[in-house]
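Here's the letter readout for the chains.
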Amino acid sequence: MRRAAYLLTLAIIFLCFLAKPSSVRGQGGTGGSVHGTVVDATGASIPGATVELVNPVSGLHRTTTTDASGSFSILNVPFQSYHLSITAPGFNAVHHDIKLFTPVPVDLNLPMDVATSNTTVTVSIDSGDLLSGNPSYHTNIDMSKFNQVPDDDAQNGLSGAITLASPGIAADSNGMFHPLGEHADTTISMDGEPDSDQQSRNFTNQLTSHAIQSMKIINGIIPPEYGDKVSLIVQTTTKSGLGDFVPTGSITSTYGSFGTTSLDVNIAEGSNKWGNFVDMNGLNGGRFMDTPEFTVIHAHGNNENFFERIDYDPTVKDTLHLDLNAARTWAQNPNQFDQQALRQDQRDQIFTYNIAGFWTHVLNARSLFDVNTYIRQDNFHYYPSANIFADTPATLSQSRRLQNAGIHADYAYAHGIHNIKAGAALDQTVLNEGFGFGITSATYNAVCQKPDGTPVVAPGVTNPSQCVAAGYQPNPNFLPGELQYDLTRNGHFFTFKGRTDIKEEALYFQDNIVWKNWQILVGARGDNYNGLTRKYMLEPRAGVTYQLPTGTVITAGYARLMPTPYNENLILSSYTGNGGLANNLGAFGQHALTPATRNQYNVGLQQGFGKYVVVSAQYFWKYTKGDYDFDVILNTPLTFPIQWKKSDITGADAEITLVPVHGFSAYTTMGHSHSLFYPPEIGGIIFNNNTNAVSAEPFLIDHDQVYEQNSHVQYQPKANGPWYGFTWRYESGLVAGNVPFGSTPGVPISLTYLTPDQQQQIKLSCNGVYATLNAPLTSCLPSELKSPLVTIPKAGTETPYSNPPRVAPRNLFDMDAGWDNVFRRSRYQTNLSLTVTNVTNKAALYNYLSTFSGTHFVPPRMITAQATFNF
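For the structure given in this document, a descriptive report is provided here. Because the structure is a prediction, the values reported are computed rather than measured.

1. Observations concerning the pairing of strand β13 (residues 212–218)
- Across the 7 residues of β13, 7 count as buried, placing the element largely inside the fold.
- One ladder, built from 5 bridges, connects strand β8 (residues 138–142) with β13; its direction is antiparallel. Following the sheet pairing, asparagine 140 is matched in β13 by lysine 216.
- Sheet topology places β13 next to strand β14 (residues 232–238); 6 bridges connect them, and they run antiparallel. Within the sheet, the bridge partner assigned to methionine 215 lies in β14 and is threonine 236.

What follows is the structure, given as structure tokens:
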């Protein structure tokens, strides 16, 4: 497989030099280009004509004018459908629809007829322009429009946009999200460079949204060009300086709640042959990470981010493009009240860099060749408190490096009904992991307990069989392998160091066929994974759409996929053998995590209503042999990949979009997933609840959610006046962790396994008496146990596969208002805005005692003022 990938790459490079060149420049990656010549009936050029490229659903709107020869070029255009309009004084307007599927440049000859009388030119959009018809169900976002949607995640603006604008995505803490019932199973393609590693604040430094021009989010049938983590594909196109003959840019400053400040400076400059875009961003705030208490404690952090994109066209057939990114994060790990009382001071730092080079070579008017090579790295460091016994219930440390490098080569051909792409990919991931921990709480993993279940310190007792003689009961949850790492019982630190590299090779072919009212995607991908384990698989994929005269598009598709294990802490999670994690730290299983096998089916429809409303919906079913999740240690960002025997996930999602009309625009996204996972589990370090890990019955995992929706309404009464926005976010609640519930009506529930802090976090009460830090509850009748923050099943009704405990449903409301170009200047413009998120200051949870996520609250009310100076 590797030799075939190498040979194909070299063959494509060689052939590109033999082809007849084209006079039209192309662009690779996630964007294409539209070129054209505007002429009159005699063939004479029309200079100064206005050219507009519009996608009314995503909000993308590009405008340019023809030069002295009547030519125009619109570069860096995301792959989607567009409506092109050309207007010029004295001529009838010309309209043309474009479907951009590949980087092959679109070259048009557009004749204009002389107007027979004085007319008013109106650029019109019809219902056909609202419909995509692409077999890969997707959402398009133009960031210039989406930046007006209120978001409470300033650092992870990219993740926030994905969560708020794409259907079928459940929000989680610290910028994490769950697409289509999976845990963070996402690939972000940055200008064509794929990144399948984790994107939340726990793992990496995400590129700032100020550097992003547009996104195309694919959550339907995944095209064969993508592999690895593919429940969701995010094609991002960064901003470019190409064509900016006069330097343009912006300076944006914000100040908000918890002392959060940010400053972003970007500038773009270029010509027809070169372009340079630079963005520098810094953020500092008192609530940097999501917290385990609604009260914000020990949560300060800061982030610095630099991005530069350089474009250069040395010849008419060659385009060079370089992306540079460097970022750093420092953050305190938020404390609970009991941890703050001990002055726990755990912190982390993340250093990230990325260098990606792109070369696009136009072979002829129908085809081009594109090469992308890259190297990126995340360095993650986690530091314990200066006094390790201030850390409770364990002191933790980590130093981890994840480095990716690769080269991808693609050939694109567009002619007639065919839009073909084929390519090869060679990737290598190098992992270095160091980890240490020691138990610092004498009652954590206690050998014995009192009759009511309260953990107790029994001096000299090291075996449950000794508890009765000491006057206590054995602790049924005691893990004997952890005893040697209990620093309160003369134990020693657990330390681990590991290194490995993972090699992946892939070949793919796909054709997007457009014939009459049909669009057909057909192709296949071959993946070879060579890491701690090995696997090769051929993955056929196909999708079809048909557009009815009623403005209805029907979609169906199938994809075979090979998801691969998460790279973060993969070595430690896969470490086995005598004295290994499976024996010593409560991990389950005895071998390394392996690549999975998935069969996915999608059916959907799209319906346009007039010229302003479009509705899209799909149903999906995914069956995966060997599906993945993460296992978190306590409530830290230290997580370890795990693998289950299989998963069976079904669900549906929908999107309703109202394009701008009379100053109004709106959208609603909805989703439902039923995520059933089957034991046994391998990998990970279980520190929380291990009930499902050893149970034989299937269970709904913590990223299962019955229903979520995000709705946003925007109103701007006058084109140059203020605008107003309102967002409603509803989530029915993810599956929660170790929530107390009764198995038998009338039989009291022991609550001593929960710490006082864990009880008060969810405002747990028994017969109206609330748990406090100083007076926790010890037991309660099931009928009298209440919590406004979690849903407790009625006694005798709980089942892990149909009625598990959940986080309580939540409604969150956000508002913003702003005024662009307040002083109405043509060159230097000032924008002002004010955003309020969680307007009602509702206390709600993302998750609670989840083995996979820990405990985190949604952000409280946050008010942010922003001023932007554009030049």
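We are not done yet, so read on.
2. Regarding the side chain of threonine 429
- Tracing the backbone through its elements, the reader meets threonine 429 in strand β23 (residues 418–439).
- According to the relative accessible area criterion, threonine 429 is buried, its value standing at 4%.
- Here the side chain of threonine 429 touches asparagine 404 through a polar contact of 2.9 Å, side chain to side chain.
- If near-sequence neighbours (up to four positions away) are discounted, threonine 429 is found in contact with Leu402, Gln403, Asn404, Thr500, Asp501, Ile502 and Asn567.

3. Some points on the sheet that holds strand β1 (residues 31–39)
- The 3 strands are arranged β4-β1-β7 in an open sheet whose pairing can be described as mixed. The outermost strands of the open sheet, each flanked by one partner alone, are β4 (71–78) and β7 (106–111). Here the average twist between neighbouring strands, direction ignored, is 20 degrees.
- Relative to β4, β1 is paired through 6 bridges, and the arrangement is antiparallel. Within β4, the position partnered with glycine 31 by the bridge is proline 78.

4. A word on the environment of glutamate 798
- Relative to the elements of secondary structure, glutamate 798 occurs in the loop between β44 (790–791) and β45 (806–807).
- Separated by 76 residues in the primary sequence, glutamate 798 and proline 722 have C-alpha atoms spaced 51 Å apart.
- When sequence neighbours within four positions are dropped, the list of residues in contact with glutamate 798 reads Phe741, Pro793, Asn803, Pro804 and Pro805.

5. Quick word on the sheet that holds β8
- Overall, mixed pairing links the 5 strands, which are arranged β8-β13-β14-β11-β12 in an open sheet. Of all strands in the sheet, those bounded by a partner on one side alone are β8 and β12 (193–195). Sheet twist, expressed as the average angle between the axes of neighbouring strands with direction ignored, equals 20 degrees.
- Set on the sheet, helix α3 (residues 157–165) makes contact with β8, β11 (186–190), β13 and β14; between it and β13 the angle comes to about 45 degrees.

6. Quick look at the pattern of salt bridges
- Applying the stated rule across the entire model yields 21 salt bridges.
- In this structure, the salt-bridge partner of lysine 622 is glutamate 182, at a minimum N-O distance of 3.7 Å. Taken together, the positions of lysine 622 in strand β32 (residues 613–625) and glutamate 182 in the loop between β10 (177–179) and β11 put the pair 440 residues apart, joining distant regions of the chain.
- Taking the relative accessible area as the measure of exposure, lysine 622 reaches 0% and is therefore buried.
- Residue class for glutamate 182 comes out buried when judged on its relative accessible area of 1%.
- Here arginine 541 ties to glutamate 539 by a salt bridge, and the two come within 2.8 Å at their closest N and O atoms.

7. Quick notes on the pairing of strand β5 (residues 81–87)
- A large share of β5 lies buried, amounting to 7 of its 7 residues.
- Burial along β5 is two-sided: the residues Ser81, His83, Ser85 and Thr87 and Tyr82, Leu84 and Ile86 are all buried.
- Bridge analysis of β5 against strand β6 (residues 94–99) gives 6 bridges, and the strand direction is antiparallel. Within the sheet, the bridge partner assigned to serine 81 lies in β6 and is lysine 99.
- Following β5, the chain reverses through 6 residues before pairing antiparallel with β6; glycine 90 in that reversal takes a positive phi of roughly 85 degrees.

Scoring rules and cut-offs
- Residues numbered from 1 in each chain as written.
- Predicted model: local features only at pLDDT ≥ 70, side-chain atom pairs only at ≥ 80, totals over all residues.
- Heavy atoms only, no water.
- Buried < 20%, exposed > 50% of the residue type's maximum accessible area, 1.4 Å probe, protein only.
- Helix = DSSP H or I, 4+ residues; strand = E, 2+ residues; numbered from the N terminus.
- Pairing = 2+ DSSP bridges.
- Polar contact = N/O pair within 3.5 Å; in protein donor to acceptor, adjacent residues only side chain to side chain.
- Contact = heavy atoms within 4.5 Å.
- Axes fitted to C-alpha atoms, helices over the stretch in contact; angles between N-to-C directions.
- Salt bridge = Lys/Arg side-chain N within 4 Å of Asp/Glu carboxyl O.

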